[in-house]
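Coordinate analysis (summary)
Here's the letter readout for the chains.
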Amino acid sequence: MGGDPLAGLAGFRRELYRCLWRRPDALFELADAVLTSGRAGSLPYLSLEPAFRRGHGMVYQALAEGGIDEEALRDLLVAVRPADWPLAFAIDASVYPRPEAETSPGREWHHHSCQGGHGGDEPVVAGWAFQWLAQLSFAHDSWTAPQDQVRVGVRDDATRQAAEQVIAHSARLRAAGETRIPLYVLDAGYDEAPLTWDLQEHLEEVQVLVRIRNDRVMYRDPAPEPPRRGRPRKHSTDRFECKDPATWGAPDQELSLHDEQYGQVSVASWGGLHPRLYCRGRFEGFRASPVIRCHLIRVTVERLPGGRKAPGPLWLWWAGPGMPDLDLIWRAYLHRFDIEHAYRFAKHGLGWDKAALRHPEQVARWTWLIITALTQLRLARPIAEDHRQRWERRRKQGKLTPGRVRRDFRRLAALAGTPARPPKITTPGPGRPKGRTSTPAQRYPVIKKAV
């Protein structure tokens, strides 16, 4: 959908409408209401927006009974991905808090940045977690391109779900004609060895980059030895300790450069390393623990943006075909945090966590609408006009932030047109039959995941 940006935006809106197969008009207009409202508000207030031409009850009915062809929508999001961005993608999860929703099933305790989420002092909150996959831009802005989301449920393994997302997304990229090998970046909350193990049959097609602790110990392969009785050695006595430079040896690759934001940047890579694993956790039931090899990458920077003092070295686990591209790797990981900006704007700007929905399936549909809203803002960025406040700095066209593009989206939506059909003229329903009473909704306890 290249060429004219307005035509590309209009084409995406038409294709998005085709992905909505039940209550499509209400779902589509709800997404438009999110994009054209002045500020993030609750669902009933979104029904008052001119873009939503239906009654307030249709907001909840669309999210409760609406249908979204998720596979077709994922294909569409991949098709409209920014072709000029690096083929680097971040995977991370964010919490949809519902601390007081006792009638909502499947809520879990999740870590939350705001302490006291459940009435105490612990930084946890009851709710659901949703894991997004978003393409990263290496520009100095907060734009990302979300292309997938899944709910990390009570009995789900976030690392295994991330592997499934990587496999499915990379297959979509190849089906769309992409020949480059994508890089998927994850933070330290994901288990690097099980992730690589789950992707072992696909490591010729994808690369994964995971942060690890700076006190990890790795092992090299043992030297060849004559045949002997018993199981052959898996680990050399030559340990690689991240805290002890004397154990590193000469790196396989090195990169040194000067960056405007980070000053002097040094990157080094050692290959052929593997951790010592045990037959427990993911590998419980194995007759012998597997050997999962990686490239260990060390990144140091002179300073952080804004002149802040640089922290200690960053250690990264890389697995993929051939040798790692060090220049791509250090930039991709530092821009991994852009997905946090996407979460923040989705919650504070678009009101992702403001919808008081009872069931997680409804929240999943709502999350897809938020992701499509972010995509429409990105497609509208080249043609949006800057409606800045008096205290804001002037920005050039095509360089606007997501919030500033949203201020002009009402005009752009009118130019692009809507495929949604106008509502039918109806009369009010009969309401609740006489004599019928409603019973209290079932209450559900918050589930604590086993460690």
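Predicted model, so just to flag it, every value in this text is computed and none were measured.

Describing the layout of surface pockets
Taken as a whole, the largest pocket spans an internal volume of roughly 1800 Å³. Lining the largest pocket are 48 residues, with A93, A158, T159, G189 and Y190 sitting closest to its centre. Secondary structure elements with two or more residues in the lining of the largest pocket: β3 (88–97), β4 (108–111), α6 (158–175), α7 (192–198), β9 (217–220) and α9 (338–349). Of the residues belonging to the lining of the largest pocket, the class tally is 20 nonpolar, ten polar and 18 charged.

Comments concerning empty space enclosed by the protein
For the coordinates displayed, the defined rule picks out one cavity of 30 Å³ or more. What the largest cavity holds in volume is close to 80 Å³. Of all the elements, α9 adds the most residues to the lining of the largest cavity, at three residues. A per-class count over the lining of the largest cavity returns five nonpolar, three polar and no charged.

Considering helix α2 (residues 24–36)
Here α2 contains 13 residues, and its C-alpha end-to-end distance of 18 Å stays within 8% of the 18 Å for a straight helix at 1.5 Å per residue. Of all 13 residues making up α2, 13 are buried, and the element is well covered by its neighbours.

Some words on the nonpolar core
Note that soluble globular proteins tend to have their nonpolar side chains buried in a common cluster. Judged by nonpolar contacts, the single largest core of 64 residues is most densely connected at Y96, W132, W352 and W366. At twelve residues, helix α10 (residues 360–380) tops the list of elements feeding residues into this core. Aside from chain neighbours lying at most four places away, what touches Y96 is G127, W128, F130, W352, D353, A355, L357, V363 and W366.

Structural notes on the confidence of the model for the chain
Taken as a whole, the chain shows an average pLDDT of 91; of its residues, 97% reach a score of 70 or greater. Across the chain, element-level confidence peaks in helix α5 (residues 70–79) with a mean pLDDT of 98 and bottoms out in strand β15 (residues 308–309) with 83. A low-confidence stretch, residues 115–119 stays under pLDDT 50, and its non-local contacts, those more than four residues away or across chains, total eleven contacts.

Comments concerning the packing of aromatic side chains
Counted under the stated rule, the structure contains 19 aromatic pairs. Measuring from centroid to centroid gives 4.9 Å for W132 and Y343, while their planes differ by 55°, and the two rings are tilted. You can see W132 sitting in strand β5 (residues 124–136) and its partner Y343 sitting in helix α9, a full 211 residues away along the chain. Y343 sits in the buried class, given a relative accessible area of 4%. With 6.0 Å between their ring centres and 90° between their planes, Y262 and W330 make a pair best called edge-to-face.

Examining the side chain of D259
In this fold, D259 is placed in strand β11 (residues 253–259). Residue D259 is classed as buried on the basis of its relative accessible area of 12%. At 3.2 Å, the side chain of D259 forms a polar contact with the backbone nitrogen of Y262. Apart from the residues lying within four places of it in its own chain, the contact partners of D259 are V265, R303, W330 and R331.

Examining unusual backbone geometry
The phi dihedral of R23 is positive, around 55°, even though this residue is not glycine. Relative to the elements of secondary structure, R23 occurs in the loop between β1 (20–22) and α2. Using a relative accessible area of 29% as the deciding quantity, one classes R23 as partly exposed.

Digging into the packing of helix α1 (residues 5–18) against α5
Any two packed helices are characterised by how steeply their axes cross, that is the angle between the axes, and by the distance between the axes. The geometry of α1 relative to α5 is characterised by a closest axis approach of 9 Å and an angle of 165° between their N-to-C directions. For the element pair α1 / α5, the angle class is roughly antiparallel. Crossing of α1 against α5: the hand is right-handed. Within the contact between the two elements, α1 uses F12, E15 and L16 and α5 uses L73, L76 and L77.

Regarding the pairing of strand β16 (residues 314–319)
With respect to burial, β16 is a largely interior element, six of its six residues being buried. Side chains L314, L316 and W318 project from β16 onto one buried face, and the interleaved W315, W317 and A319 project onto a second face that is buried too. Two strands pair when backbone bridges link them, and strand β8 (residues 207–212) and β16 are joined in this way by five bridges, in the antiparallel orientation. Opposite V210, over in β16, you have W317 as the bridge partner. Across five bridges, the pairing between strand β13 (residues 294–301) and β16 is antiparallel. By the bridge assignment for β16, V299 is matched with L314.

Digging into the pattern of salt bridges
Within this structure, the stated rule accounts for 37 salt bridges. E71 is paired through a salt bridge with R172; the nearest N and O atoms lie 2.2 Å apart. Note that E71 is positioned in helix α5 and R172 in helix α6, a separation of 101 residues in sequence. Residue E385 is joined to R411 by a salt bridge in which the shortest nitrogen-to-oxygen separation is 3.8 Å. Taken as a pair, E385 in the loop between α10 and α11 (402–407) and R411 in helix α12 (residues 409–416) lie far apart in primary sequence, 26 residues in all. For E385, a relative accessible area of 40% translates into the label partly exposed.

Looking at the pairing of strand β6 (residues 144–152)
Counting buried positions along β6 yields eight of nine residues, so the element is predominantly enclosed. Across eight bridges, β5 lies against β6 in antiparallel orientation. Looking at β6, one finds that A134 is bridged to P146.

Basis of the calculations
Numbering of residues begins from 1 in every chain and follows the order in which that chain's sequence is written. Residues qualify for local features only when their pLDDT is at least 70, as the model is predicted, and side-chain atom pairs are given and counted only at 80 or more; totals for whole chains, interfaces and linings, by contrast, use all residues. Side-chain figures throughout are based on the complete set of non-hydrogen atoms in the structure, without hydrogens or water. Cavities and pockets were defined on a 1 Å grid built from protein atoms only: a cavity is a group of points that admits a 1.4 Å probe but offers it no way out, a pocket is an open group of points flanked by protein on both sides within 12 Å along at least five of seven lines, and a lining residue is one with an atom within 4 Å of any such point. Grid points are joined across faces, edges and corners, and a volume is the space filled by probe spheres set on the points. Strands here are runs of E lasting at least two residues and helices are runs of H or I lasting at least four, both read from the DSSP assignment and numbered beginning at the N terminus. Residues were grouped as follows: Ala, Val, Leu, Ile, Met, Phe, Trp, Tyr, Cys and Pro as nonpolar; Asp, Glu, Lys and Arg as charged; and all remaining residues, including Gly, as polar. To estimate the expected span of a helix, count its residues, drop one, and scale the result by 1.5 Å. For the exposure calls, accessible area comes from a 1.4 Å probe over protein chains only, and a residue counts as buried if that area is under 20% of its type's maximum, exposed if over 50%, partly exposed in between. By convention a nonpolar core is built from buried Ala, Val, Leu, Ile, Met, Phe, Trp, Tyr and Cys residues, the set being connected through side-chain atoms within 4.5 Å. By definition, residues are in contact when any of their heavy atoms lie within 4.5 Å. The predictor's confidence in any single residue is recorded as pLDDT, a number from 0 to 100. In this scheme Phe, Tyr and Trp rings, the latter by its six-membered ring, pair at centre separations within 6.5 Å, and the angle between planes marks the pair as stacked below 30 degrees, edge-to-face above 60, and tilted otherwise. Polar contacts here mean pairs of N or O atoms no more than 3.5 Å apart (in protein, one a potential hydrogen donor and the other a potential acceptor; neighbouring residues in sequence count only if both atoms are side-chain atoms). Throughout, an axis means a line fitted to C-alpha atoms (over the contacting stretch in the case of helices), and angles, computed between N-to-C directions, take values from 0 to 180 degrees. For classification purposes, angles smaller than 35 degrees are called roughly parallel, those larger than 145 roughly antiparallel, those between 65 and 115 roughly perpendicular, and all remaining angles oblique. Two helices that cross are described as forming a left-handed crossing if the nearer one is turned anticlockwise from the farther one by less than a right angle, and a right-handed crossing if clockwise. Paired strands are those between which DSSP finds at least two bridges. What counts as a salt bridge is simple: a side-chain nitrogen of Lys or Arg found within 4 Å of a carboxyl oxygen of Asp or Glu.

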